[in-house]
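Observations on the model geometry
Spelled out from the first residue to the last, the chains are:
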Amino acid sequence: MRRSVRLGLVLLFAVRIAHADGTPPATLLGFSTERSTAERAIEQQLDRSFDAADQRAWMKRLSAHPHHIGSPYGKQNAEFIAELYRSFGFDTRIEEFRVLFPTPKLRKLEMLAPTSFVASLAEPPIPGDSTSGQTAEMLPPYNAYSIDGDATAELVYVNYGIPSDYDELEQRGIDVKGKIVIARYGHSWRGIKPKVAAEHGALACILYSDPADDGYVQGDVYPKGGMRSDHAVQRGSVADAPLRSGDPLTPGIGATADAKRIDIKDATTLTQIPVLPISYADALPLLRAIGGPVAPESYRGGLPITYHLGPGPAKVHLALAFNWDMATAYDVIATLRGSELPDEWVIRGNHHDAWVHGASDPLSGQVAMLSEAKAIGALAKTGWKPRRTIVYASWDGEEPGLLGSTEWVETHADELRVKAVAYVNSDSNSRGFLGLGGSHSLEAFLNDVARDVVDPEKGVSVLERTRAIQRLTGSADEKREARDRANLRIGALGSGSDFTPFLQHLGVASIDLGYSGEEEYGQYHTAYDSFDHFVRFVDPDGAYGVTLSQTGGRIILRLAQADVLPFEFTGFADNVARYADQVRELADNLRSETEEQSRLIADGIYAQAFDPRHTYVLPKAKGPVPFLNFAPLQNAVAAVQKSAKAFAAAAADRARSGRPYETAELKNLGDLLIGSERALTRPEGLPGRPWYVHQIYAPGFYTGYGVKTLPGIREAIEARNWDLAARETEIVAETLRGYAAQIDKATAALGGR
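Quick caveat, the model's predicted, so the values are computed rather than measured.

With that settled, consider the side chain of Gln234. Mapping Gln234 onto the fold places it in the loop between α6 (211-214) and β8 (236-237). Its relative accessible area of 8% is what places Gln234 among the buried residues. Engagement of the side chain of Gln234 in a polar contact is seen with the side chain of Arg190, the distance being 3.2 Å. Other than its neighbours up to four places away in sequence, Gln234 contacts Asn143, Tyr185, Arg190, Ser209, Arg228, Pro277, Tyr524, His525 and Thr526.

See the structure below:
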C-alpha cells in the first residue's frame, strides 16, 4: 500500500487579488503563499538561463535548407532536435508515422484569350537572401491535397472567395458554374475558397496574394522591407480541415506502419476541384484581362488596375498533376518524468516542419520551446524534479494538415484521455503583443502568468501592454473591459495549429500563445521566410524569442508544480454566457433581416437600392425564422455560473481553513479537474463532422482557422436549419449541465457543499 503523504500547504484560489497598479498577487493560482515564493524564485532562475544566442544558432541551423515533411533535411532536423533534448536530460524518442503527402508533378497556367500569357509559377532568388537560391531542394508553390485536374474556361474574380462574396455575385447575375475562379488570400483559411467554389459549380480555383493585404500597400517589399514581393507565393494545404485534421487515409486512427488505410478515392478531405496558388505578378495579367462589371469597393485590391468581376473575356487553361506518395513524419517526444504525479502529463508542443525554410513559421516558436526545455533540464540536473510529468513534443507534418500531432494523438488517445492535464502550443513568434487563446477554464491562470512576464521593449508586464493596446484600439466593449475586468479575455481556439487534436478531438484543456504585431512579415509560406529575413524584419535581437520562453516556461512549470491544478471556472462561465447571448442575437437578427427583405421585395423597392448602371437579380425571399427556445441553454449557463461561484468559494474556504490535503484527495481532485474539459465533449461529435467532439469550440465549417463557439447551434442557425438548431440547443444545454455537475464534484472534493 502506498504511504499517504500529508502536505502542510495552504492552497489559495480565490484569495488572490492583483494590485491596482497591475503588479502580480502574492499567491499563485493553485499554490500556497510559501510555495508561490519558491516557484517565483525558480522562474527567475530560469529567466536568467534563457539565451537569445542559443535560439539564433538553432534557428540558423534548422533553417539552413528546406525541411518539409518527407525531405532529407526534415529528418536531419528531427534527429538534431532529438539530440538536443537528450543533452538537456530528457528521455527522448522519435515516433514515426506514414502519411499521404502529394507533391507536384505538373503545374501549368496559361491565358488563352483575349491575349496570351504563361504564368511563371516560380520564386526567383533574392539578392541578400542566402538560401533563396536553393530551388532544387524546394517544393515549388502549390496547394497540398488539391486533386489532379485539367480545366479550360472563362475567369471570374470572386474577391476572397467566401460565401458572402458569392452572394454578392449572385445579386449581380454572375454565375461561376463551368468557370474558373480567381480568389485572393485572406478573410478565411485557404481551403475554404476551393470548397465554396466547387459548391457553386466552378471547374478550378486560382489563389493569389494581393498587395493590399501583405504586399507593397502595407510596406516596402523584400529585400528593402519585409513585405511580400511580386513573385512570392503562399503555399499551403487545402485539405478540408473543418471535417478533420490528420492523414487523409487513416481517419480517426494513428497512421502507424500497419494501420488500415482507405483508398485515395475515398478520402473525404481532398478538394473537389484543382487549386493552384500564384504570385501577384502572375495574377496581374489575368485580372487585367477580366471584363464585365466593375468590382464593388470591398473587392478592390492594391494592384494598379480597375478590378472587374467577369466572366471573361479572360480565358485560362489550368493543368495540375501530383505524385500521390507516402511520407514519413518524425515526431520528437521528450519526457521528464514527474516525481509525485507521474501519470499527470503537461504537454508542450511546436512543429518543426516548414513549407520551405520556415524561419518564422515554425522555427521562431520551435527554438523558444527548445530554450524552455534546456532551462528546465538544467534545473533537473541539480536534483529538482517536477511533480507532474512534462512532455515536450516537436511535431512533423503540421503544415500539410497537423499530421504529426494528430497521428500521435490518435495513436495514444486512450492514454491521453486519462493522463493529459493540458496541452500548451506555440507556432510562429515575432515581436510585439502577447496573443493568448485557449480553454477558458485556464483564463485566470494565463492572466497570472502574463502579469509576471516583463515586456522587453516597454518594461511593463506583457499583460499590461496588451491591456493598454486594447484601451487604445479596441472596440467600445474591449476598451471597457480593459479598464474594468480583472482578467483580460483569452481567445477561443478554432484551428490552424497543433492544439486542434488535443482540444477538439480529445477534450484536453489547451493553450496557444505567441507574440506579434510589430513585425514586417509578408513571407508567410514563401521561399523567403528565411533566417536572413527573420533577423532583419521579425525579431532582430531575439528579445521576443526569449520572452516567449519566459512565458511558455512559466506556464509549463506552474502546471507541473501546482499543488492543485490551476483551473478556475468563473471565466469560462462568463465567456459561455456571452456565446449563448450571441447565438440568440444571431437568430433575432436573421429574423429581422428576413422580414425586412420580404417587405422590400414585396414593395418592389429592393432592386432600386442598387447601382442603376448594372443589372441585379432580385433575390429569392427567404423562409421565415421560427421561434427558437433558448431557455434550456440559458438555464444551463446559469447552472455553470452557479457551480463556478461555488467552486471559487469552496477553494477560498479551504485555503482559509489551513487544512492540508491527503495524497488521495489531491489525486481525486486532479482527476476531476482534468475531466472538466472532457465534460464539454460528446462522442457523436458535431453535425456532419464527428471527429470534432468539443461542443464549445470548433473551426468554422466556412472559416477553417477561425473559431465558431457553440458551433452546433451557431452553424445550424447560419444554415437556416431550424430543426437542427433546436436539437443542437438541447445538446449543448445537456453538455453544459454535465459540465456544471463535474465542477460540483470538484467543489465537493475541496470540502465545499
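Below, the discussion takes up empty space enclosed by the protein. Going through the model one piece at a time under the given rule, you end up with 3 cavities of 30 Å³ or more. There is about 210 Å³ of room inside the largest cavity. Surrounding the largest cavity, 22 residues form its lining, Trp189, Ala241, Pro400, Gly401 and Leu402 being those nearest its centre. Examining the composition of the lining of the largest cavity, we find that 4 residues originate from one element, helix α9 (residues 398-401), more than from any other. Across the lining of the largest cavity, the residue classes break down as 10 nonpolar, 8 polar and 4 charged. Computed from the structure, the second largest cavity encloses a volume of approximately 90 Å³.

The next thing to look at is the sheet that holds strand β2 (residues 103-113). Either a parallel or an antiparallel arrangement is found when strands of a sheet pair, and the pairing is made through backbone hydrogen bonds. Read across the sheet, 7 strands follow the order β3-β2-β10-β5-β6-β7-β9 without closing on themselves; strand pairing throughout is mixed. Here the strands that pair on one side only, and so sit at the sheet edges, are β3 (117-118) and β9 (275-278). Across 5 bridges, the pairing between strand β6 (residues 180-184) and strand β7 (residues 204-208) is parallel. In the sheet register, Ile180 faces β7, and the bridge partner there is Ala204.

Its 16 residues place the ends of helix α20 (residues 663-678) 23 Å apart at the C-alpha level, agreeing with the 22 Å of an ideal helix rising 1.5 Å per residue. All buried positions along α20 are accounted for by Leu666, Leu669, Gly670, Leu672, Leu673, Ile674, Gly675, Ser676, Glu677 and Arg678.

Our focus in this paragraph is the packing of helix α13 (residues 462-473) against helix α14 (residues 476-484). At their nearest, the axes of α13 and α14 sit 7 Å apart, and the two run at 140° to each other. Overall, the two elements α13 and α14 adopt an arrangement that is oblique. In the packing of α13 onto α14, the handedness of the crossing is left-handed. Contacts between α13 and α14 involve Arg467, Gln470, Arg471, Leu472 and Thr473 from the first element and Glu478, Lys479, Glu481, Ala482 and Arg483 from the second. Of the residues belonging to the contact of α13 with α14, the class tally is 2 nonpolar, 2 polar and 6 charged.

For the rest of this paragraph, the subject is the pattern of salt bridges. Here the idea is simple: oppositely charged side chains can pair when their charged atoms come close. Enumeration according to the criterion identifies 46 salt bridges in this entry. For Asp574, the salt bridge is made with Arg485, and the minimal N-O distance between the two is 2.8 Å. Note that Asp574 is positioned in helix α18 (residues 570-602) and Arg485 in the loop between α14 and α15 (500-506), a separation of 89 residues in sequence. Residue Asp574 is classed as partly exposed on the basis of its relative accessible area, which comes to 28%. One connected set of salt bridges, linked through shared partners, spans Glu443, Asp477, Arg480, Glu481, Arg485, Arg489, Asp574 and Arg578.

What follows concerns the packing of aromatic side chains. With the rule as written, the count across this model stands at 25 aromatic pairs. Aromatic side chains Trp189 and Tyr705 sit 5.8 Å apart centroid to centroid with 35° between the ring planes, which places their arrangement in the tilted category. In this pair, Trp189 sits in the loop between β6 and α5 (192-199) while Tyr705 sits in the loop between β17 (697-699) and β18 (707-709), placing the two residues 516 residues apart along the sequence. Between Tyr515 and Tyr544, the aromatic rings sit 5.7 Å apart at their centres with planes inclined by 50°, giving tilted as the arrangement. You can see Tyr515 sitting in strand β16 (residues 510-517) and its partner Tyr544 sitting in helix α17 (residues 543-561), a full 29 residues away along the chain. Neither Tyr515 nor Tyr544 differs from the other in exposure class; each is buried. Of the aromatic side chains, those joined through ring pairs into one cluster are Trp58, Tyr85, Phe88, Phe90 and Tyr392. Here the basic side chain of Lys195 rests over the ring of Phe701, its NZ or CZ set 3.2 Å away from the ring centre. Looking at Lys195, its charged tip hangs above the ring of Tyr702, at a distance of 5.3 Å from the centre.

Procedures and definitions
- Per-chain numbering applies: the sequence of each chain, read as written, is numbered from 1 onward.
- Confidence filtering applies because this is a predicted model: local features only for residues at pLDDT of at least 70, side-chain atom pairs given and counted only at 80 or more, and all residues used for totals across whole chains, interfaces and linings.
- Calculated side-chain values reflect all of the structure's heavy atoms, with hydrogen atoms and water omitted.
- Helix and strand labels come from DSSP, where a helix needs a run of H or I of at least four residues and a strand needs a run of E of at least two; each type is numbered from the N terminus.
- For each residue, the accessible area found with a 1.4 Å probe, counting protein chains only, is set against the maximum for its type, and the residue is called buried under 20%, exposed over 50%, and partly exposed in between.
- Think of a polar contact as two N or O atoms within 3.5 Å of one another; within protein, one of them needs to be a possible hydrogen donor and the other a possible acceptor, and neighboring residues in sequence only count if both atoms come from side chains.
- A contact between two residues is defined here by any heavy atoms of the two lying within 4.5 Å.
- Both cavities and pockets are sets of points on a 1 Å grid over the protein atoms alone; in a cavity a 1.4 Å probe fits but cannot get out, in a pocket the set is open with protein on both sides within 12 Å along at least five of seven lines, and lining residues sit with an atom within 4 Å of a point.
- Grid points are joined across faces, edges and corners, and a volume is the space filled by probe spheres set on the points.
- Note on residue classes: Ala, Val, Leu, Ile, Met, Phe, Trp, Tyr, Cys and Pro are nonpolar, Asp, Glu, Lys and Arg are charged, and everything else, Gly too, is polar.
- Two strands form a pair only when DSSP identifies at least two bridges running between them.
- Helix span is expected to be 1.5 Å times the residue number reduced by one.
- The axes used here are C-alpha line fits, helices contributing only the stretch in contact, and every angle between their N-to-C directions lies in the interval 0 to 180 degrees.
- Note on terminology: angles under 35 degrees are roughly parallel, angles over 145 are roughly antiparallel, angles of 65 to 115 are roughly perpendicular, and the others are oblique.
- Crossings are classed by handedness, with left-handed meaning an anticlockwise turn of the near helix from the far one by less than a right angle and right-handed meaning a clockwise turn.
- A pair is scored as a salt bridge if a Lys or Arg side-chain nitrogen falls within 4 Å of a carboxyl oxygen belonging to Asp or Glu.
- Aromatic contacts are taken between Phe, Tyr and Trp rings whose centres are within 6.5 Å, Trp giving its six-membered ring; a plane angle under 30 degrees counts as stacked, one over 60 as edge-to-face, and the others as tilted.
- Sitting over a ring, as applied to charges here, requires NZ of Lys or CZ of Arg to be within 6 Å of the ring centre and within 35 degrees of the ring normal.

Everything listed here is a matter of coordinates, which is why it stays silent on function.
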